[in-house]
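# Reading the structure
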Amino acid sequence: MAKDFDRIVDVAIVGAGIVGLGHALAAVDRGLSVHVVDRTSRPNGSTIRNFGHACISVQSGAAQVYADRSRQLWLRLRDEAGLWMRDGGGYVAARADDELRALSEFAARRPTSVEMIGADDTARLTGAASAVGGAHLLDDLQLNPREAAGQIVAYLESRGVTFAFATAVRTIRSGRLHTTRGRIGADQIVVAVNYDVDQLFPDLSAAYGVRRCGLDMMRVRIPGLTAPLAGPVLTGWSMLRYSGFATAPSLEAVRERLWAGDPEFRALDINQMYTQLPDGTVIVGDTHYRDDAIAPFQSEGSFDALLRGTADFFGQPASTLEVVERWQGVYAVAPEEFLVEEPLDGVHVVSVTTGIGMTTGLGLADRVLSEIYEPVGV
Ligand SMILES: Cc1cc2nc3c(=O)[nH]c(=O)nc-3n(C[C@H](O)[C@H](O)[C@H](O)COP(=O)(O)OP(=O)(O)OC[C@H]3O[C@@H](n4cnc5c(N)ncnc54)[C@H](O)[C@@H]3O)c2cc1C
């Protein structure tokens, strides 16, 4: 070993969230030696705080390409790393005629990945108290975000990837990393630190307009739910967010009606959606607030609004909902959906700068490694 370094590898990765782990998978698949450094003692960032919804069927453009590739890789990880997964697709519940029209327009352009379903089936599969119809998003997957990253770490270790947790990266130069536990030499370095790109590469972060988005989340037991949710459930509010819906001509009518009808949801920028964990509890979210630093003080009003929406959606009295947990998530946001740059030779900065990293991160990582090395199959 060269005396200047404590460790030398082909690829060093900063960040053990889904984006960093995706790069580790892509690198080890190419027969490379890989070392991952993360400053926390286990994955603890956005990757464990989300819904676990790989919303493959509602993307567009580059995000769609990365999502489709991610889907293949998630399925492989299910089999090889033993991940829990629901692979029967996701659902959108339309609760007004304009939502159903916009959904039909969306589905008409995606005949292989979206199927319209009737009102009764929508209510049965999503738990919605009332629905005028819905869509089945055939390619969507659901992971358990609390377990998946840890299981992927264990799987990658079994394939020879080494990890240094509780180790912060302080400076990065071409071919070397300085960490709080020594120096690492690497041919290629991937920096997958989500919003903390502004700490390690402040000029690049500023050029991309990267900021932080804070989100309020809860986990709720809903005793009145008589059947499990068949998959992740999106609502009309979700249709306003995901790029795949953007060109539906009726979407504007949906937006105007929802914004006028619920100014509180609009002000909190809520994406009303639900995923059910294996223990039956339901992840409920989420609000959105953007800033350079996210205040840790979560407003009780946000949680009241989320519970009000949940009671209304499932037709349950709010007093029967049992809140199990509340938490705050944070992810990077910027005008572009992805930040992929090589600011120094062999140093690749990769961040998903909107809330779709579970959907796209694995595929994006595979693309980055394919451009440095060779593409590989699934
Ligand atoms: C509440 C919420 C709900 C979401 N829902 C969904 C969803 O349903 N579907 C979906 O597709 N996406 C969703 N997302 C987005 C998704 O979770 C993120 O896009 C994704 O997890 C980002 O992964 P990452 O690896 O970039 O970040 P992270 O998981 O945050 O990992 C970054 C890692 O970098 C480490 N790090 C930072 N700086 C340093 C340093 N200097 N040295 C060493 N380590 C460092 C951190 O410790 C951290 O572990 C949601 C996000 C949130 C917060």
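Below or above, wherever it landed, is the structure these notes cover.

Basis of the calculations
Residues numbered from 1 in each chain as written. Predicted model: local features only at pLDDT ≥ 70, side-chain atom pairs only at ≥ 80, totals over all residues. Heavy atoms only, no water. Helix = DSSP H or I, 4+ residues; strand = E, 2+ residues; numbered from the N terminus. Rg over C-alpha atoms; globule rule 2.2 N^0.38 Å. Buried < 20%, exposed > 50% of the residue type's maximum accessible area, 1.4 Å probe, protein only. Contact = heavy atoms within 4.5 Å. Areas by Shrake-Rupley, 256 points an atom, 1.4 Å probe, with all protein chains shown as cover. Lys, Arg positive; Asp, Glu negative; His and termini not counted. Charge placed at Lys NZ, Arg CZ, Asp CG, Glu CD. Axes fitted to C-alpha atoms, helices over the stretch in contact; angles between N-to-C directions. Parallel < 35°, antiparallel > 145°, perpendicular 65-115°, else oblique. Left-handed = near helix turned anticlockwise from the far one by under 90°. Nonpolar A, V, L, I, M, F, W, Y, C, P; charged D, E, K, R; others polar. Near = heavy atom within 4 Å. Polar contact = N/O pair within 3.5 Å; in protein donor to acceptor, adjacent residues only side chain to side chain. Domains from an automatic or database assignment. Core = buried A, V, L, I, M, F, W, Y, C linked by side-chain atoms within 4.5 Å. Phe/Tyr/Trp six-rings, centres within 6.5 Å; stacked < 30°, edge-to-face > 60°. Lys NZ or Arg CZ within 6 Å of the ring centre and 35° of its normal.

## Quick look at the overall build of the protein chain
Scanning the protein chain from terminus to terminus reveals 13 helices and 20 strands. The globule rule puts the C-alpha radius of gyration for 378 residues at 21 Å, and the 21 Å found for the protein chain is close to it. Out of the 378 residues belonging to the protein chain, those deemed buried represent 56%. A fraction of 75% describes how many contacts in the protein chain between residues 6 or more apart in sequence connect residues 24 or more apart. For the protein chain, the exposed surface amounts to about 15100 Å²; the carbon and sulfur share of it is 49%. Across the protein chain, the mean location of the 35 positive side-chain charges is 4 Å away from that of the 47 negative side-chain charges.

## Digging into the packing of helix H4 (residues 97–108) against helix H10 (residues 251–261)
Where H4 contacts H10, the two axes come as close as 8 Å, and the packing angle between them is 150 degrees. With respect to their mutual orientation, H4 and H10 come out roughly antiparallel. Here H4 and H10 pass one another in a crossing that is left-handed. Side by side, H4 and H10 meet where Asp 98, Glu 99 and Ala 102 of the first sit next to Leu 251, Ala 253, Val 254, Arg 257 and Leu 258 of the second. Partitioned by chemical class, the residues of the contact of H4 with H10 number 5 nonpolar, no polar and 3 charged.

## Section: the site of the ligand
Taken together, 34 residues lie near the ligand, and Asp 38, Thr 47, His 53, Val 169 and Thr 359 sit nearest. Within the contact set of the ligand, an oxygen atom lies 3.1 Å away from a backbone nitrogen or oxygen of Val 19. In the environment of the ligand, a nitrogen atom lies 2.7 Å from a nitrogen or oxygen atom belonging to the backbone of His 53. With the chains in place, 97% of the 1000 Å² that the ligand exposes on its own is no longer accessible. At the level of secondary structure, the elements contributing two or more residues to the shell around the ligand comprise helix H1 (18–29), helix H2 (46–49), strand E13 (211–221), strand E18 (322–333) and helix H13 (357–372). Looking at side-chain class alone, the shell around the ligand contains 16 nonpolar, 14 polar and 4 charged residues. Shared between two domains, the shell around the ligand holds at least three residues of each, these being domain 1 (2–50 + 146–208 + 336–373) and domain 2 (90–138 + 211–333).

## Overview of the nonpolar core
With 96 residues, the main nonpolar core has Trp 74, Leu 77, Leu 156 and Phe 245 as its most contacted residues. Each of domain 1 (2–50 + 146–208 + 336–373) and domain 2 (90–138 + 211–333) accounts for three or more of the residues forming this core. Those residues in contact with Leu 77 that lie beyond four places of it in its chain are Leu 25, Gly 82, Leu 83, Ile 152, Tyr 155 and Leu 362. Ala 12, Ala 186, Ile 189 and Ala 332 belong to the second-largest nonpolar core, a separate cluster that totals 25 residues.

## As for the packing of aromatic side chains
One pass over the structure, following the stated rule, counts 7 aromatic pairs. Arranged with centres 4.3 Å apart and planes meeting at 45 degrees, the rings of Phe 106 and Phe 245 form a pair that is tilted. Of this pair, Phe 106 sits in helix H4 while Phe 245 sits in the loop between helix H9 (236–239) and H10, and the two are 139 residues apart along the sequence. Neither residue differs from the other here; Phe 106 and Phe 245 are each classed as buried. Summarising the aromatic geometry, the rings of Phe 313 and Phe 314 are spaced 4.9 Å apart at their centres and angled 80 degrees between planes, so their arrangement reads as edge-to-face. Each member of the pair, Phe 313 together with Phe 314, is buried. A connected cluster of aromatic rings, assembled from ring pairs, spans Tyr 274, Phe 313 and Phe 314. The positively charged end of Arg 255 is found above the aromatic ring belonging to Trp 259, 5.6 Å away from the centroid.

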